[in-house]
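# Residue-level structure breakdown
What follows is the residue order along each chain.
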Amino acid sequence: MAVLSVEGIRKAYQTPQGETVALQDISFSMEKGDFYSLVGPSGCGKSTLLSIIAGTLTPTAGRVQVAGQTVSGPCPHIGYMLQQDNLLEWRTVRQNVLFGLEIRRRLTPETRAHADRLLETYGLSEFADRHPSQLSGGMRQRVALIRTLAVEPDILLLDEAFSALDYQTRLAVTEDVYRIIRQEQVTALMVTHDIPESICMGDKVLILSGRPAVIREELPIRFDLAERTPLRCRACPEFGSYFNHIWKELGMYEAHDSASSLQGESALPATEPTP
Amino acid sequence: MAAFLLAWEVAAEREWIDSFIFSQPSRILHTYLSMGQNDLWYHIRVTVGETLAGFLLGAAAGVLLAILLWWSPFVAKVSEPYLVVLNSLPKIALGPVIIILAGAGTRAIVFMALAISLVVTVLEMLSGFRDTDAGALRMAHTFGATKGQIFRKVVLPYNIPTLFDSLKVNIGLSLVGVIAGEFLVSRAGLGYLIVYGGQVFRMDLVMASVIILAVVAALLYESVALTQKLVNRRFGHGA
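Residues numbered from 1 in each chain as written. Chains lettered and ligands numbered in written order. Predicted model: local features only at pLDDT ≥ 70, side-chain atom pairs only at ≥ 80, totals over all residues.

## Quick notes on the sheet that holds strand β7 (residues 155-159) of chain A
Residue and element names in this part refer to chain A. What the six strands build is an open sheet, ordered β6-β7-β8-β3-β9-β10; its pairing is mixed. This sheet does not close on itself; its edge strands, each paired only once, are β6 (78-81) and β10 (215-220). Adjacent strand axes in the sheet meet at a mean angle of 15 degrees, parallel and antiparallel pairs treated alike. Judged from the four bridges that link them, β6 and β7 form a sheet pairing that is parallel. Each bridged residue has a counterpart across the sheet, and for Met81 the counterpart in β7 is Leu158. (Pairing = 2+ DSSP bridges. Helix = DSSP H or I, 4+ residues; strand = E, 2+ residues; numbered from the N terminus. Axes fitted to C-alpha atoms, helices over the stretch in contact; angles between N-to-C directions.)

Next comes the structure, spelled out in structure tokens:
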């Protein structure tokens, strides 16, 4: 049985100019342990879709089922990871990790032990009693992930979770998060605007069209690797062809061409040798 | 400091300045001694007691009102214009009204201290509550936090620094309120001593009281600052 099934989701907003359709008939499903990436042109409603899945936004039509139950209202089976780590500075790392459990009133010796195990497995136990300001950006993001995993969600939603980090930290954190998610066998759906990231992390890339958004393609990603990690994927020969395929699907070729020709023009006077 | 006191003493002794108006360090010291330990302590205790009562009531009521306004945007919208006007109104002008309402006594004085610090606290805490980090609020929402949980676990702890900033201002304001109240109605306290000394032209008494008042003000402020430091260490703010 599918852990997540999204059936015919439609979302429309009423505006003074009439109805704006953000999402038009979105359907897909995920099995336990799947990792899907979701890409689409900016403003196409990727985050809206995540909010609907998380139950914080009601769709105009269609339904979302998590583990066989229809989602209505904030769903306890879902963990949500945002762009910022949003760690609370007045809490220690451990208290931050327990935040979600406190909110959901599920703080028991078992859940505490589970959180401590996660901290230990992912190299944070020596920092458990420190405050977040003493951690690096990458470690903070790891704490945020563990805070989300501590509530033992069936599905993890990542909303541009790494875009606030600088490039190098981002590569390292992606590596980290990928390993943790795989090891904990969490089903994950990640929204990103970064095409390479979508390829190197996802088993499948869902490509959305512009507004009103539909799924243009579900692209399975396969690499010929014994042990897959995001960094190794980036070095594979298949990587480039996946990239080009998604790029084309997103309809960014035209934008790219005009951008490069503009660049060429502006670069001309500087590069032209003076006679 | 020592040089200033010496210059003051010498100037008064040589009658360069009128020691009747400006008093004289040795006479102020003499006043302290002649007032006797008990009498002086009594007046200090009265003033400090009234200040603390007004300060604590003002802080508690101010924070509670701010919570109410944060909780209900409707109440906030209705009451905000009044708060802004009340805030710029000099509360001392309410003195006679307060005396009639609360009676000429300690209650009126405490009420004065409360009135002077209340509105500032409400406005400051409310703006602090509203400036709570949007990301932290969103994060709490993703776990399905209720409004009460968000307040207790995010908004309130986030605003502990705001609270202490406003307490630091309030302790001074409460003292202003108490002294103003004691000027108007009282039979005890440092404000009473100052008014009494002024009326009977005993400037050494006035000066002695003002100096004690300065020391009291500094000590009150420092104790708030110290509490802040302890609380900060406990919660790891700015660690």
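After that view, the rundown keeps rolling.
## What to know about unusual backbone geometry
All names here are of chain A. Residues other than glycine seldom take positive phi values, yet Ala67 does so here, at roughly 50 degrees. Here Ala67 shows up in the loop between β4 (61-66) and β5 (69-70). Its 16 C-beta neighbours within 10 Å are what place Ala67 among the partly exposed residues. One non-glycine residue, Arg105, lies in the positive phi region at around 55 degrees. Mapping Arg105 onto the fold places it in the loop between α3 (99-103) and α4 (109-121). Residue classification places Arg105 among the exposed positions, given that 8 C-beta atoms sit within 10 Å. (Buried ≥ 20, exposed ≤ 12 C-beta atoms within 10 Å, placed from the backbone.)

## Quick notes on the nonpolar core
Grouped together as the largest cluster of nonpolar side chains are 114 residues, with contacts concentrated most on Ile146(A), Ala150(A), Leu157(A), Ala66(B) and Met112(B). The residue makeup of this core includes at least three contributed by each of domain 1 (1-77 + 154-251) and domain 2 (87-152) of chain A. Counting nine residues, the second-largest nonpolar core is a separate cluster that includes Ile28(B), Leu190(B), Tyr192(B) and Ala208(B). (Core = buried A, V, L, I, M, F, W, Y, C linked by C-beta atoms within 7 Å. Domains from an automatic or database assignment.)

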